[in-house]
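# Secondary and tertiary structure notes
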2 protein chains.
Amino acid sequence: MQLKQIGEFKLIDIISNYTARPPASLIKGIGDDAAVVSEEAGQCLLLTTDILKESIHFNRHYTSPYLLGKKCLAVSLSDIAAMGGTPLYYLVSLSAPSSASFEFIRNLYRGMGRLAKQFNTFLIGGDTTSSRNGISITITLLGKAKKDSVIYRHGAENGDLIYVTGSVGDSSLGWLMLKKNRGSSRKNSLIRKHLAPSPRVEIGIEIARSNIATSMIDISDGLAADLRHILKQSRVGAAISLACLPLSLSYKKYCLDYSKEFYYQALCGGEDYELLFTINPKNRSKIRKLAKQTKTPVTCIGEITGVPSELLVLDSSGRELVLKKEGYKHF
Amino acid sequence: MQLKQIGEFKLIDIISNYTARPPASLIKGIGDDAAVVSEEAGQCLLLTTDILKESIHFNRHYTSPYLLGKKCLAVSLSDIAAMGGTPLYYLVSLSAPSSASFEFIRNLYRGMGRLAKQFNTFLIGGDTTSSRNGISITITLLGKAKKDSVIYRHGAENGDLIYVTGSVGDSSLGWLMLKKNRGSSRKNSLIRKHLAPSPRVEIGIEIARSNIATSMIDISDGLAADLRHILKQSRVGAAISLACLPLSLSYKKYCLDYSKEFYYQALCGGEDYELLFTINPKNRSKIRKLAKQTKTPVTCIGEITGVPSELLVLDSSGRELVLKKEGYKHF
């Protein structure tokens, strides 16, 4: 059997079965944005790891090594943010051809270092090896959180409102733009969102501190695909409204030049690294306050309702939309 | 400039400079076998990460996926052992072509799971991605140790005795055998040592508990190269004696069939995953006791002496040997 016939998520399920019985200090292993290990009284350590691979996740001709370095760390920071954690430490494993430009590698780490500084995160180790084809960067990031404040993918309840930070679809639209124009200007906001996403660490921490979110995830595979993770793990359904999706001005302006369907990138495009979370409606004013405090836009896009695992996408006249393909899947 | 002109260790030095000021809770970052982060009162968490890449670290035709999985984890377990730590958790990042055999991947994780069970270590996360060429496995392993029992590379003092566990050179000799015979029998002890090394976790923990080692490292790059790490970080010199090197019967029997010089693989061959450590001579009987208790052979191969960073290798008549090439370096 070939891997592509199994699929990424099935593979993870299978891998999970090979592990021994979890020790008492493990709060959450495989199956969320980060693993959670209890540390000291009331505190726990969060761990997450991400691979960024040339030709799969990035194209050296479309980005700078500095921006690539920032993005590598941003992806992991976003996972810690999605748990409501404070990032602490990271380890970097690098594979690169021995013919790779040293300047490239240096600027890659410089980019990581820049973002790490912004979020008080410290490089504590890693590994390097030669590679025959292309560069590959794997980051393991550690964060901490209060044990009873960690926000998981499970926990969403019927009647909860669904929120998303920032805007959705910009990153994948930026990617389409880059591909079509073969690397054009990095100043375009959509392209910048794709090449240098800002992880939502501050509001993630505040949401955890206020204990208002019943579930949270970051949007890496796409809004619909990541919402489905929440639905599956919370055993609930959801309805979201197209009219409510937060779209940037650039998205609205350029979308149909690069994508056949207007909402497709917003629903199914990956790599936005926005936070998607659910709250009880009584906490509506609290989340608005946190958004203001952290200067992070948040938008209510729907609610938890209906048949478990079922995601209804409603257009402006309330008609149900059929989603054909959701987000990016490996293998 | 190209990476190969910089070299791996210089690159690590350079990378270290891009990191922000270390937080107070970081005890040891880059520069040892694992990073050390203080956890709770008197306890700390150890973190290490290792890449194993097809065509660089392994050849699919020479090993089984099950043995490969065991080796992947063994490499990281050996790093935790070299700090005197108890392994706890691990994360696995896997890149594989979508055409890869599922059975291969399944058995890879099964092998890891088998070794993890043996050492009470638990898989807590990871990432998977497709790859265009070959399989790559990156493991991040977490362990714990008492804060004042962690054993670093620095700390060796003049007059200390240098010890090594097990035997040296078997793994690289096994590798030469595999290459020459194109994958021959896995039952040969040298080949088994190469394909399925046993990390020295038990004695590592006991050495730490007894507080007798002044420095410790695991042999991954080769005895001479790894001893040089201790010398550099401890700012001492050393003299080791060829006649004292612990060589297996198989090594003695087959060495000259595969290697031009009899001692070369023992001194410079990598991947033995034995522990190399220094102790004050007064603790000689204590280490013998620990060796017996953990059923781990230990051998005194020399002492800390002479000019800082200088490694003297003496033959049976006390003459100094010149080492031309030491261990494996990436880039």
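Reading guide: rules and limits
- Residues numbered from 1 in each chain as written.
- Chains lettered and ligands numbered in written order.
- Predicted model: local features only at pLDDT ≥ 70, side-chain atom pairs only at ≥ 80, totals over all residues.
- Helix = DSSP H or I, 4+ residues; strand = E, 2+ residues; numbered from the N terminus.
- Buried ≥ 20, exposed ≤ 12 C-beta atoms within 10 Å, placed from the backbone.
- Contact = placed C-beta atoms within 7 Å.
- pLDDT = per-residue confidence, 0-100.
- Pairing = 2+ DSSP bridges.
- Core = buried A, V, L, I, M, F, W, Y, C linked by C-beta atoms within 7 Å.
- Domains from an automatic or database assignment.
- Nonpolar A, V, L, I, M, F, W, Y, C, P; charged D, E, K, R; others polar.
- Axes fitted to C-alpha atoms, helices over the stretch in contact; angles between N-to-C directions.
- Expected span 1.5 Å × (residues − 1).
- Left-handed = near helix turned anticlockwise from the far one by under 90°.
- Parallel < 35°, antiparallel > 145°, perpendicular 65-115°, else oblique.

When helices and strands are counted, chain A shows 11 helices and 13 strands. For chain A, buried positions account for 54% of its 331 residues. For chain A, contacts bridging at least 24 residues in sequence account for 83% of all contacts bridging at least 6.

All names here are of chain A. Following the sequence through the fold, Ser167 ends up in the loop between β7 (161-165) and α5 (170-180). Note on Ser167: 23 C-beta atoms within 10 Å, which makes it buried. If we skip the residues at most four places from it in the chain, Ser167 touches Pro246, Leu247, Ser248 and Tyr251.

Now for the confidence of the model for chain A. Residues of chain A with pLDDT of at least 70 account for 83%, and the chain-wide mean is 86. Among the prediction metrics, the complex's ipTM stands at 0.86, with pTM recorded as 0.88.

Moving on, we get to the sheet that holds strand β10 (residues 275-279) of chain B. All names here are of chain B. What the 7 strands build is an open sheet, ordered β8-β10-β7-β11-β9-β12-β13; its pairing is mixed. Every interior strand has two partners, whereas the edge strands, β8 (213-218) and β13 (320-321), have only one. Judged from the 4 bridges that link them, strand β7 (residues 161-165) and β10 form a sheet pairing that is antiparallel. The partner of Ile162 across the bridge, within β10, is Thr278.

The next thing to look at is the pairing of strand β12 (residues 311-314) of chain A. Residue and element names in this part refer to chain A. Only one face of β12 is buried, namely the one carrying Leu311 and Val313, since none of Leu312 and Leu314 on the opposite face is buried. Examined bridge by bridge, strand β9 (residues 238-241) and β12 share 4 bridges and lie parallel to one another. Pairing of Ala239 across the sheet is with Leu312, part of β12. Where β12 lies against strand β13 (residues 320-321), 2 bridges are found, and the strand directions are antiparallel. If you follow Leu314 over to β13, its bridge partner there is Glu320.

Our focus in this paragraph is the nonpolar core. Counting residues in each nonpolar core, the largest one holds 190 residues, and the members touching the most others are A:Leu73, A:Tyr90, A:Leu223, B:Leu73, B:Tyr90 and B:Leu223. Discounting chain neighbours no more than four positions away, the residues touching B:Tyr90 are B:Leu73, B:Ser76, B:Ala116, B:Thr121, B:Leu123, B:Ile124, B:Ile139, B:Thr140 and B:Leu141.

All names here are of chain A. Looking at the assigned domains, one finds that chain A contains domain 1 (3-149) and domain 2 (161-321). The partner domain 2 presents 20 residues to the 20 residues of domain 1 that form the contact. Every element with two or more residues in the side of domain 1 that touches domain 2 is listed here: α3 (65-81) and β4 (86-96). Ranked by residue count, the leading element in the side of domain 1 that touches domain 2 is α3, at 9 residues. Its residues assigned to classes, the side of domain 1 that touches domain 2 shows 10 nonpolar, 6 polar and 4 charged.

All names here are of chain A. Strand order in the open sheet made by the 7 strands is β8-β10-β7-β11-β9-β12-β13, with mixed pairing throughout. Strands at the two margins of the open sheet, each flanked by one partner only, are β8 (213-218) and β13. Across the sheet, helix α7 (residues 201-210) is in contact with β7, β8 and β10 (275-279); its angle to β10 comes to roughly 20°.

Residue and element names in this part refer to chain B. With phi around 75°, Ser55 is a residue other than glycine that occupies positive phi space. By the C-beta count within 10 Å, which is 15 here, Ser55 ends up partly exposed. You will see that Asn120, though not glycine, has its phi angle at about 50°, which is positive. By the element assignment, Asn120 lies in the loop between α4 (102-118) and β5 (122-130). Overall, Asn120 belongs to the partly exposed group, with 13 C-beta atoms counted inside 10 Å.

All names here are of chain B. Assignment of secondary structure puts Ile151 in the loop between β6 (136-146) and β7. Judged by C-beta crowding, with 27 C-beta atoms within 10 Å, Ile151 ranks as buried. Separated by 67 residues in sequence, Ile151 and Gly84 have C-alpha atoms that sit 5.9 Å apart. In contact with Ile151, not counting residues within four places along its chain, are Met83, Gly84, Ile207, Ala208, Ala213, Ser215 and Met216.

In this section: the environment of B:Cys44. All names here are of chain B. Tracing the backbone shows Cys44 in strand β3 (residues 43-53). On the neighbour-count criterion, Cys44 (24 C-beta atoms within 10 Å) is buried. Taking C-alpha positions, Cys44 is 8.8 Å from Val150, a pair spaced 106 residues apart along the chain.

This part covers helix α5 (residues 170-181) of chain B. Residues and elements named next belong to chain B. Look at α5: 16 Å from first C-alpha to last across 12 residues, which is about the 16 Å you get at 1.5 Å a residue. Listed in full, the buried residues belonging to α5 are Asp170, Ser171, Ser172, Leu173, Gly174, Trp175, Met177 and Leu178. Residues of α5 that are buried make contact with α6 (189-195), α9 (249-258) and α10 (264-268).

Attention now moves to the packing of helix α7 (residues 201-210) of chain B against helix α11 (residues 284-293) of chain B. Think of two packed helices as two axes; the pair is described by the angle between the axes and how far apart they sit. All names here are of chain B. For the pair α7 and α11, interaxial distance at closest approach is 10 Å and the crossing angle is 145°. You can see that α7 and α11 cross each other, and the crossing is right-handed. Mapping the contact onto sequence places Ile203, Glu206, Ile207 and Ser210 in α7 and Lys286, Leu290, Ala291 and Gln293 in α11. Taken together, the residues of the contact of α7 with α11 sort by class into 4 nonpolar, 2 polar and 2 charged.

What follows covers the packing of α5(A) against helix α9 (residues 249-258) of chain A. Residues and elements named next belong to chain A. Remark: α5 packs on α9, axes separated minimally by 10 Å, with the N-to-C direction vectors making an angle of 45°. Accordingly, the angle class assigned to the pair α5 and α9 is oblique. Here α5 runs over α9; the crossing is left-handed. Every residue of α9 that contacts α5 at Asp170, Leu173, Leu176, Met177 and Lys180 is listed here: Ser250, Tyr251, Tyr254, Cys255 and Tyr258. Taken together, the residues that form the contact of α5 with α9 break down as 7 nonpolar, 1 polar and 2 charged.

Attention now moves to the pairing of strand β9 (residues 238-241) of chain B. All names here are of chain B. Along β9, the buried face is formed by Ala238 and Ile240; none of Ala239 and Ser241, which line the opposite face, is buried. With 3 bridges connecting them, β9 and strand β11 (residues 298-304) associate as antiparallel partners. Across the sheet, the residue bridging to Ala238 is Ile304, located in β11.

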